[in-house]
Amino acid sequence: MTDLTDFFSHAYYTIARAVAEAGVNADLFKQPELISKTVKRRVSAELKRLAVLLRRLIFLMALQVELVPVKPRPGSNYFEKKEGEPEARKAFFSVLPVPAGEAPDFLQGPMTVPTRGPVPAAPLIARWEAMLETLKFCKRRAKCLARTIQRWMAEGEARPYIVPIPRTHAMPAALGIVSGGLTVQLIDA
């Protein structure tokens, strides 16, 4: 199977629909200030599962990109002050794995007693919007990742190991099929 365009389009639309439904079902598009903890946990788990599928789709797209030589860009001075107010930071959806850092707070023991009741919705909304933004510009993200993969290959880095996603039987049928297909296609690539 050399032509993957049908698989890409099917996987893209399936994942995009699932991400959109995850936010719409929790009414995140209404920009609520507070949501219940159960809704936050359910939507966070769903977005985490969909993030794995989205990363795999972009990684597979990056492996299919034909790269042209890089054009030199004019340099810029990072330390040069710019006039005006700083731009507001947006949430960012990382395609590459994050290097290990310090142990999370929950492994260091309880610091504060968790509060009861509703929790702020802003972090969840930012994460959902970051995933939607990534879906919107997935070809550009795949091209950037293709350059990174090209750099990895030049440096002799080991190939990433792709494990099957656990609990695909609990996913909706369309997402389970896409999940299995992405894993098989990535292993072959």
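The structure this text deals with has already been given above.
This section reports on the structure supplied with the text. (Residues numbered from 1 in each chain as written. Predicted model: local features only at pLDDT ≥ 70, side-chain atom pairs only at ≥ 80, totals over all residues. Heavy atoms only, no water.)

**Some details on the packing of helix 1 (residues 5–25) against helix 2 (residues 37–64)**
Relative orientation of the contacting elements helix 1 and helix 2 amounts to 155°, with a least axis distance of 10 Å. Classed by the angle they form, the pair helix 1 and helix 2 counts as roughly antiparallel. Where helix 1 crosses over helix 2, the two elements pack in a sense that is left-handed. Of helix 2, the residues touching helix 1 (which contributes Phe7, Phe8, Ala11, Tyr12, Ile15, Ala18, Val19 and Ala22) are Val43, Glu46, Leu47, Leu50, Leu53, Leu54, Leu57, Leu60, Met61 and Gln64. The class makeup of the residues in the contact of helix 1 with helix 2 is 16 nonpolar, one polar and one charged. (Axes fitted to C-alpha atoms, helices over the stretch in contact; angles between N-to-C directions. Helix = DSSP H or I, 4+ residues; strand = E, 2+ residues; numbered from the N terminus. Parallel < 35°, antiparallel > 145°, perpendicular 65-115°, else oblique. Left-handed = near helix turned anticlockwise from the far one by under 90°. Contact = heavy atoms within 4.5 Å. Nonpolar A, V, L, I, M, F, W, Y, C, P; charged D, E, K, R; others polar.)

**Section: unusual backbone geometry**
Even without being a glycine, aspartate 27 presents a positive backbone phi close to 60°. Looking at where aspartate 27 falls in the secondary structure, it is placed in the loop between helix 1 and strand 1 (34–35). According to the relative accessible area criterion, aspartate 27 is partly exposed, its value standing at 33%. (Buried < 20%, exposed > 50% of the residue type's maximum accessible area, 1.4 Å probe, protein only.)

**Examining a positive patch on the surface**
On the surface, a cluster of positive charge is made up of Lys40, Arg41, Lys48 and Arg127. With respect to the secondary-structure elements, arginine 41 resides in helix 2. By relative accessible area, arginine 41 is classed as exposed at 58%. (Patch = residues over 30% accessible without salt bridge, like charges linked within 9 Å, V, L, I, M, F, W, Y side chains within 5 Å. Areas by Shrake-Rupley, 256 points an atom, 1.4 Å probe, with all protein chains shown as cover. Salt bridge = Lys/Arg side-chain N within 4 Å of Asp/Glu carboxyl O. Lys, Arg positive; Asp, Glu negative; His and termini not counted. Charge placed at Lys NZ, Arg CZ, Asp CG, Glu CD.)

**A word on the nonpolar core**
The nonpolar side chains of a soluble globular protein tend to be buried, and buried together. Grouped together as the largest cluster of nonpolar side chains are 46 residues, with contacts concentrated most on Ile15, Leu50, Met131 and Leu182. For this core, the element with the highest residue contribution is helix 2, accounting for 13 residues. Once residues lying within four places of it in the same chain are set aside, the contact partners of leucine 50 are Ala18, Val19, Ala22, Met131 and Leu175. (Core = buried A, V, L, I, M, F, W, Y, C linked by side-chain atoms within 4.5 Å.)

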